[in-house]
Amino acid sequence: MSHSIGSPNQKNYDVEAGSNRSGDDEESNNVFEIHRTKHVSVDRLRRWRQAALVLNASRRFRYTLDLKKEEEKKQTLRKIRAHAQAIRAAFLFKDSVPPENGTVPPKPRSAGEFPIEQEELASISRDHNFTTLQQYGGVKGLGDLLKTNLEKGIHGSDDDLLKRKNAYGSNTYPRKKPRSFWRFLWEACQDLTLIILMVAAVASLALGIKTEGIKEGWYDGGSIAFAVLLVIVVTAISDYKQSLQFQNLNEEKRNIQIEVIRGGRRVEVSIYDLVVGDVIPLNIGDQVPADGVLITGHSLSIDESSMTGESKIVRKDTKEPFLMSGCKVADGNGVMLVTSVGINTEWGLLMASISEDTGEETPLQVRLNGVATFIGIVGLTVAFLVLIVLLVRYFTGHTLNADGTPQFVSGKTKFGKAIDGAIKIVTIAVTIVVVAVPEGLPLAVTLTLAYSMRKMMADKALVRRLSACETMGSATTICSDKTGTLTLNQMTVVESCACLRKVNSNDGKPDLSPKLSSLIIEGIAQNTTGNVYVPETGGDVEVTGSPTEKAILQWALKLGMNFEATRSQSSILHVFPFNSEKKRGGVAVKLPNSEVHIHWKGAAEIILASCTRYIDSDDQVAAMDDDKRMFFRKSIEEMAGGSLRCVAIAYLPYELGNVPTGEDQLADWALPADDLVLLAIVGIKDPCRPGVGDAVRLCQKAGVKVRMVTGDNVQTAKAIALECGILTSDSELCEPTLIEGKAFRELSDKQRDDLAEKISVMGRSSPNDKLLLVQALRRRGHVVAVTGDGTNDAPALHEADIGLAMGIQGTEVAKESSDIIILDDNFASVVKVVRWGRSVYANIQKFIQFQLTVNVAALVINVVAAICSGEVPLNAVQLLWVNLIMDTLGALALATEPPTNHLMDRSPVGRREPLITNIMWRNLLIQAVYQITVLLILNFRGKSILNLEHDTTEHADKVKNTLIFNTFVLCQIFNEFNARKPDEFNIFKGITKNYLFMGIIAVTLVLQILIVEFLGKFTTTVRLNWKYWLISVVIAFISWPLAVVGKLIPVPETPFHKYITRTSAFKYCTSCPRIFRKRKARAEVSQ
């Protein structure tokens, strides 16, 4: 394939990719040029649908966004939200009325094993009925009714889970039944041309039986009807199989893994396996998986916009403890008790009442509809021309029978026979339309995407948006996280620094004084979202939490920490959850002696900057002067230079009297973060992933620049970048190649745009810095892929052309904002996605080249023959068979080619690069001209070449036409091999690995032999002897060496279509729609 795009840094790249990304779609004159469907307007989507030439709308637009259903879905959401809000308002009004004296608390009705029914539970959470909750004894009383230990959760045995599911239901909701095979069959029947052919077949059948009797007269009509039915059945089977693949992928997307507490330990379960009574920890970015009430929470804020429709963050506490399924945790953390699951939740009702799978178009799909429309118009014109020529020749007596007599003589030919002749001509013209209008072309995108998505699952990538598959093939830069993506995410504390010295280990235990150890243990145990589970029966200790939390907890265990005992010795007053903007987290705890300690943990240099004191070797709090600060700073730099993540731990003794007393004041309390006492600095090792260096080099060779954007120290980022190959030389170890997020943030928009191209590593970056970098790169014309895992990464994932969320460490908010989920958090998997993206585009181009060759050859042969002789060598049944090879079988064979390493030797696919490249034009024209020339020679000189002059005219014509049909089909089979490798000489490379391709070629060949040798009555063919078969094979075989010779012909770099667009006629034609649109807009404004 020709690629005029070079490095992303070249100046011409902006022209190729489009310099103004935000508006290029809306301003484009061509309705079929939508380069980014991610945030495109509904009006834009409607316009391309209206402009497409479509024979079967239900099939053509099946996998695109159903605009009508989308509007219905929005209306349903509004109704359900309004209903829920009305119920809540009623209960709020009821709660505002003071209760009468002597009101008896409601007595819960029994639900089998449990003393409370589902309806009562559902009404409490759904209606946010705080009064009833209090009457049941609050969250503690509700937990007792559900036989749940609020700290250790439910028992979690199979018997316990079954009882809960029987009493309260499972966390699933009824989904609308998917389309059945019969529905696909019905949709395939709705093709306008096939309907016309069926009517023509019925008419031909009736007239044939009437004139020739049932024994001989049914062949013409019956064969057309059978061919049409075969096309319909094969199409329906292909479409049905695609739909099953999409169903399976949708199930994978919905199957979220949730962390629950069962039997005192944290375990991961599928969202479908949650039961009423489960205790679930919630952290920033998590999705609330079921309805429930808050047990404990710290600064917990919930985004309820998915349920209420209002983008309002709601704080949750003991006064407002109700949590709704489907909402997201915007800030803080907490623990919830599940009270309703599945259809008993508002989210379940919502999901059961709307159809989730409404489809989505991709830029390639829209462009292919444009190609199909153009080819269709040409085909319709040709078919109409053939129809007129054949009808005129027929009714003027120029169409002759085999014996040389006219088929129609005015005043003598019977009416029925004349109608039969006209029907045959109409049938041929309609069949030409069937072949000419490539309905399967846009659907080939869906086929290759469905295949690619299924295979990408095996490569640890779950596609959430179809368009991301193909857009990834155009990616010019990848902004990657460091932790877990480029590294293993297996963290261990390997160095530590305290008391102005490097801490040594004695038999694995850090050498620290008891007082310092006690303070560090207290800070780690209380200021964590992780957990330590010690089995009662003995065995290995289980540490859960984020990799950083786990590493620090394991280090504290070496110090002698008893997690549960330490947490029980003090009570938490207030929590400041770790924030990726502030890069630190804190907690205020009250000790038994009424002392208050505020513990902080976070990025080492940020915590150090807030410290004014430290604990010395005598366990005394000492002032931190400049020399001592420089010692700690140098320790951080040394650790970071060794690619260690540096985390500092500090605390502040605080007066209890200064702590706010009221619950609301305490919730709004900003923890003091200055004048801290430094306890320790730890260096955490997170080794690079094996093979990540090779993956980075492969990207660079493919023209895709890899940039590291990390929240870690710049020195740590530099060390890892050198190890991975993102930075390669000393000249790259300074600004602007290596930059800190704060420095980039403070630049103006223009400065950021100029600098963005040069940045390779950004350290100490916030999620907003990542967003600014993405915006700058996109303004520079790049197609940007971004990896992210945190809630605050959502804007960058949303803004990027391709958002890649991490499947293991990624929050639900990040995953929902992404286009693809990398299931193993591995950068090598990101590179595989790039390869699959390029494969999608390459496979579609292969199919286009193959299909256009067939189109051009079939149309030209039939038109020339019709105009010159009044007869067409390829009849309706034969053309339907060719259509089946071309549309369905051809798409299956070529659109499912697996990706090769050769794809990564090219530059990224330009968004404005033509679908049909100069190389494709060269290949298809060479093959089409060869086929047309050979087959027209056979059509007009075949009798003499094949020595058929001595045969009867009827038999000679049948042999000649059969040979033309057979040769034409074999040419397509041989040309399918050429289409596999449009720009490589070895067309057989890797063919043995593609079993589907080999199988389709074998099936096509066997069916062709059966058609020619045994189904002559249906296809109007005769048996061919071995000589004619040899002639057919030799003619078809020549297409292989011809393709090799053709590939030696150089092609210009300027795309062929640009020569056309430079003509004044084209400029005039393309300016008309824009003029009309402007006039229409002015008229609407004036109205």
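Further up the page is the structure itself.
To start, this report covers the structure provided alongside it. (Residues numbered from 1 in each chain as written. Predicted model: local features only at pLDDT ≥ 70, side-chain atom pairs only at ≥ 80, totals over all residues. Heavy atoms only, no water.)

Here's the deal with helix H27 (residues 714–724)
- Three or more residues of H27 are buried, namely Val714, Thr716, Ala717, Ala719, Ile720, Ala721 and Cys724.
- Against the buried residues of H27 lie helix H24 (626–641), strand E21 (644–654), helix H26 (692–701), strand E23 (705–709), strand E24 (738–740) and strand E25 (761–763).
- A side-chain oxygen of the first residue of H27 lies 2.7 Å from the backbone nitrogen of Gln715; this N-cap is Asn713. (Buried < 20%, exposed > 50% of the residue type's maximum accessible area, 1.4 Å probe, protein only. Helix = DSSP H or I, 4+ residues; strand = E, 2+ residues; numbered from the N terminus. Contact = heavy atoms within 4.5 Å. Polar contact = N/O pair within 3.5 Å; in protein donor to acceptor, adjacent residues only side chain to side chain.)

Regarding the pairing of strand E4 (residues 291–303)
- In terms of strand pairing, E4 meets strand E7 (residues 328–340) through 10 bridges, oriented antiparallel. Directly across from Asp303, in E7, lies its bridge partner Lys328.
- Bridge count for E4 against strand E6 (residues 322–323) is 2 bridges, and the pairing is antiparallel. Residue pairing for E6: Gly292 is matched across the bridge by Leu323.
- Where E4 lies against strand E5 (residues 313–315), 3 bridges are found, and the strand directions are antiparallel. If you follow Ile302 over to E5, its bridge partner there is Val314. (Pairing = 2+ DSSP bridges.)

Comments concerning a nonpolar patch on the surface
- Together, Val1003, Val1006, Leu1007, Leu1010, Phe1014 and Leu1015 make up an exposed nonpolar region whose accessible area comes to about 500 Å².
- Relative to the elements of secondary structure, Val1003 occurs in helix H37 (residues 995–1014). (Patch = residues over 30% accessible without salt bridge, like charges linked within 9 Å, V, L, I, M, F, W, Y side chains within 5 Å. Areas by Shrake-Rupley, 256 points an atom, 1.4 Å probe, with all protein chains shown as cover. Salt bridge = Lys/Arg side-chain N within 4 Å of Asp/Glu carboxyl O.)

Remarks on the pattern of salt bridges
- Enumeration over the complete set of coordinates arrives at 32 salt bridges.
- Note that Asp754 is salt-bridged to Lys750, the shortest N-O span being 3.3 Å. Separated by 4 residues within a single helix, Asp754 and Lys750 lie in helix H29 (residues 749–756), roughly one turn from each other.
- With a relative accessible area of 37%, Asp754 lands in the partly exposed category.
- Residue class for Lys750 comes out exposed when judged on its relative accessible area of 59%.
- Residues participating in the shared-partner salt-bridge network are Glu304, Lys316 and Glu320.

What is shown is where atoms sit, not what they do.
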